[in-house]
Amino acid sequence: MGVTAEVAASCLSVAVLRSGMSGIQSENPLDQSIAWYRPIKVPESLGDMIRKHSKGARLTRTSYLAQRRSSPWIALWLTPRHTMTDLLKIAAPRAYAMVLILSMGWVWSIETASLAGIGLTHGLMAIVGLVVLGGAASGVLGMALMVALTTMMGRALGGRGTALDLFKVLLWSNVPLCLVLLLELTQIALTGMNYFTVGDAVSGQAAALVMSFIKMGLIVFGWYLTVVGVAQAHRCSKVQAALITAATFLSMLVIAVVTIAQALSFQLL
């Protein structure tokens, strides 16, 4: 019994000593290596667990939308940069590809026909044919040319994007142009043939004029989506992506002007 009491007293003294020393942090590193000194482990915070689970990746609203299988048609308006990053990881949408390409071409054709005053020399059916067929051709050729130019210019500046990557981001950057096309058709319905004959036909209608300002905002946002997409595809800064995009559009403008000049020279001959 005496031995048992002594052992119990020893265990009790050790337990008291441990509880008293657990809150003391010695400045000597050697003291912290003592076997019986075990500081309390603080549980991981929610942010630490998220970073550990995602291996350092940022938890963004886009990833949340992607997990909920949100449509890119909506996510692009909310978080463009992260949505473009997600779109680079999936296949190009075959179902929407022609819709986006044709929307781009038809917007270009309608605006070109309006600025050229084509309604002064052509009838309604001729304008419809030129806009529909010419817009489809310009959309397909324009997309192919933009992909080629942005790929080459980006590689020249140290970018690492492939032609398929550039095709994906340039394709989805046309989402605002779908709304622009709807607004253009609405303006044509309001102004009639004057949309293609009179330069200030839109200004005579308050609703059509408001739509013109909305179109300008959508086109600017489409430009922003293009810059963001090129930056994500080439893994470069937005400044470099803006230079690549500007150089691409300038090159396309030069090609268009030269082509039109050659066509006019052939007609004169």
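As shown above, the structure is provided for reference.
Starting afresh in each chain, residues are numbered from 1 along the sequence in its written order. Totals for whole chains, interfaces and linings use all residues, but because this is a predicted model, local features are given only for residues with pLDDT of at least 70 and pairs of side-chain atoms are given and counted only at 80 or more. Based on all heavy atoms of the structure, the side-chain values leave hydrogens and waters out of the count.

Engineer: Honestly, the side chain of N174 in this entry has me stumped. Any pointers?
Structural biologist: On the secondary structure map, N174 appears in the loop between α9 (163–172) and α10 (175–191). On the accessibility criterion, N174 (5% relative accessible area) is buried. Leaving out residues up to four positions away in the same chain, N174 has contacts with L100, M104 and M143. Starting at the N terminus, helices and strands are each numbered in turn, a helix being any DSSP run of H or I of at least four residues and a strand any DSSP run of E of at least two. Accessible area is worked out with a 1.4 Å probe on protein chains only. A residue is then buried under 20% of its type maximum, exposed over 50%, and partly exposed in between. Note on contacts: a residue pair qualifies if any of its non-hydrogen atoms lie within 4.5 Å across the two residues.

Engineer: Teacher, can you tell me more about the nonpolar core here?
Structural biologist: One recurring pattern in soluble globular proteins is that nonpolar side chains are buried together. By nonpolar core we mean a set of buried residues, namely Ala, Val, Leu, Ile, Met, Phe, Trp, Tyr and Cys, connected to one another through side-chain atoms within 4.5 Å. Ranked by internal contacts, the top residues of the largest apolar core, which has 46 residues, are L76, M84, M143, V169, L170, W172 and F196. Only α6 (80–87), α7 (94–116), α8 (124–156), α9, α10, α11 (206–234) and α12 (238–268) provide two or more residues apiece to this core. Excluding anything up to four places from it in sequence, M84 contacts L76, V169, W172, S173, L225, V228, G229 and Q232.

Engineer: It is not clear to me how the environment of L209 should be interpreted in this structure. Could you clarify?
Structural biologist: Within the secondary structure, L209 sits in helix α11. Using a relative accessible area of 34% as the deciding quantity, one classes L209 as partly exposed. Sequence separation of L209 and Q187 is 22 residues, and the distance between their C-alpha atoms is 8.7 Å.

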